Amino acid sequence: MALTFPDADRTELAVLGSPIAHSLSPTLHAAAYDVLGVPFSYGRHEVASGGLAAFVAGLGSEWRGLSLTMPLKREVLPLLDRTTPLVDELGVANTVAFRREGSSVVLAGANTDVEGIVRPVAALGHVPGEATILGGGATAASALTASLRLGASLVRVFLRDTGKAGDLVLLAARLGVTLEVHDLRDLGSADPMGFVVSTLPGGAADELPLVPSGPDAVLFDVAYEPWPTRAATAWTAAGGRVLNGLDMLSEQAIGQIRFFLTGDEDELLPAEAEVRRAMRAAVSLPETIG
């Protein structure tokens, strides 16, 4: 298929971070651009903390956009000319698009992390009234926002160090969602759970007593290598349903591609269902989303 898009001469894209060699983003994006029939080249570049401004300053007019990992998601904020409301709310942008406005080029920032959680959970038809988040940091902030969008009015967060919950507490207050902060060691006394997002490193949740409340209960373990984690296996064996980091990564990428092409991370792509199937097949993910 042929697709008309603005700034057609801007064809270079990449994911930045350190380390970055393991990133599957080039695989996902290449599959999507092949379906869309757009001549984009998407690579990866090693950029450590503190090096983003110099990297961006050295880019030529062929560049269309960037995907960012932490801590670059925060470090990019002073470089942005335009931001979406979600970037302003969370203070992180995982997506940057270079846009031509008259004789100038502006940097527009978006955050597709939240929808990376929302869409896979919503596709399962699960609407949680309560949510449990394991761990803190930027992914936990995305999980908190996603939980609210999915219908949760109460969120419990379990941390190794409850003293580091300040940012989440402030975010919950801005969002108007009730947040309970607990020590991760107290998880054993928790009731069975209907919706859990583990933002812990791969395998870090394996020994935690995670018990699904029923067959509709969802564990979203953002780890994906190695997979399955023991936590995911135990949750499934107890009758719950599991999503992993590749589900999140593929839906983040869908939002980024929308933003790169159209300037709106919520505007559907042409043949989006086919794009999604190709992306998920490229990383061996089953089709759980339309």
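This text follows the structure it describes.
Residues numbered from 1 in each chain as written. Predicted model: local features only at pLDDT ≥ 70, side-chain atom pairs only at ≥ 80, totals over all residues. Heavy atoms only, no water.

### Some remarks on the overall build of the protein
Link 1 in the chain: The secondary structure content of the protein amounts to 10 helices and 12 strands.
Link 2 in the chain: Taken along the three principal axes of its C-alpha coordinates, the protein extends 60 × 40 × 30 Å.
Link 3 in the chain: For the protein, with 290 residues in total, the buried portion stands at 51%.
Link 4 in the chain: Once local pairs closer than 6 in sequence are excluded, the contacts in the protein between residues at least 24 apart make up 67%.
Link 5 in the chain: Surface exposure of the protein reaches about 12200 Å², of which carbon and sulfur atoms provide 52%.
Link 6 in the chain: Taken together, the 21 basic and 34 acidic charged side chains of the protein have centroids lying 1 Å from each other. (Helix = DSSP H or I, 4+ residues; strand = E, 2+ residues; numbered from the N terminus. Buried < 20%, exposed > 50% of the residue type's maximum accessible area, 1.4 Å probe, protein only. Contact = heavy atoms within 4.5 Å. Areas by Shrake-Rupley, 256 points an atom, 1.4 Å probe, with all protein chains shown as cover. Lys, Arg positive; Asp, Glu negative; His and termini not counted. Charge placed at Lys NZ, Arg CZ, Asp CG, Glu CD.)

### Details of the layout of surface pockets
Link 1 in the chain: Space inside the largest pocket adds up to approximately 910 Å³.
Link 2 in the chain: As for the largest pocket, its lining consists of 33 residues, and the residues nearest its centre are H22, T69, K73, Y224 and L249.
Link 3 in the chain: Going through the elements one at a time, α1 (25-36), β3 (63-68), α6 (138-150) and α9 (245-262) are the ones with two or more residues in the lining of the largest pocket.
Link 4 in the chain: Per element, the largest residue contribution to the lining of the largest pocket is 6 residues, and it comes from α9.
Link 5 in the chain: Taken together, the residues of the lining of the largest pocket break down into 15 nonpolar, 15 polar and 3 charged.
Link 6 in the chain: By volume, the second largest pocket amounts to about 250 Å³.
Link 7 in the chain: Along the wall of the second largest pocket there are 17 residues; nearest its centre are E130, T132, R156, P192 and M193.
Link 8 in the chain: Those elements that provide at least two residues to the lining of the second largest pocket are β7 (130-134) and β8 (154-159).
Link 9 in the chain: It is β7 that provides the largest number of residues to the lining of the second largest pocket, a total of 3 residues. (1 Å grid on protein atoms, 1.4 Å probe; cavity = no way out; pocket = protein on both sides within 12 Å on 5 of 7 lines; lining within 4 Å. Points joined across faces, edges and corners; volume = space filled by probe spheres on them. Nonpolar A, V, L, I, M, F, W, Y, C, P; charged D, E, K, R; others polar.)

### A few points about the pairing of strand β11 (residues 218-221)
Consecutive side chains of a regular strand alternate in pointing toward one face of the sheet and then the other.
Link 1 in the chain: Across the two faces of β11 the burial is the same, with V218 and F220 and L219 and D221 all buried.
Link 2 in the chain: With 4 bridges joining them, strand β10 (residues 195-198) and β11 adopt parallel strand pairing. Directly across from S198, in β11, lies its bridge partner D221.
Link 3 in the chain: In this fold, the crossover linking β11 to strand β12 (residues 241-244) by way of helix α8 (residues 230-237) has right-handed handedness. (Pairing = 2+ DSSP bridges. Right-handed = clockwise from strand over helix to strand, strands pointing away.)

### A few points about the pattern of salt bridges
Link 1 in the chain: All chains considered together, the criterion is met by 17 salt bridges.
Link 2 in the chain: Between R230 and E207 there is a salt bridge, with its nearest N and O atoms 2.3 Å apart. Taken as a pair, R230 in helix α8 and E207 in the loop between β10 and β11 lie far apart in primary sequence, 23 residues in all.
Link 3 in the chain: A relative accessible area of 51% places R230 in the exposed class.
Link 4 in the chain: Accessibility expressed as a relative area gives 62% for E207, which makes it exposed.
Link 5 in the chain: Ionic contacts of the salt-bridge type, sharing partners, join the residues E115, R119, R149, E251, R258, E272 and R276 into one network. (Salt bridge = Lys/Arg side-chain N within 4 Å of Asp/Glu carboxyl O.)

### Things to note about α8
Each α-helix turn comprises 3.6 residues. Residues three or four places apart therefore point the same way.
Link 1 in the chain: Buried within α8 are the following residues: A231, A232 and W235. Along the axis of α8, the buried residues cluster in a sector spanning 100°; they form a single face. Facing away from the buried side of α8 by over 90 degrees, the exposed positions are R230 and A237.
Link 2 in the chain: Where α8 is buried, its residues touch β10, β11 and β12. (Arc of directions from axis to C-beta.)

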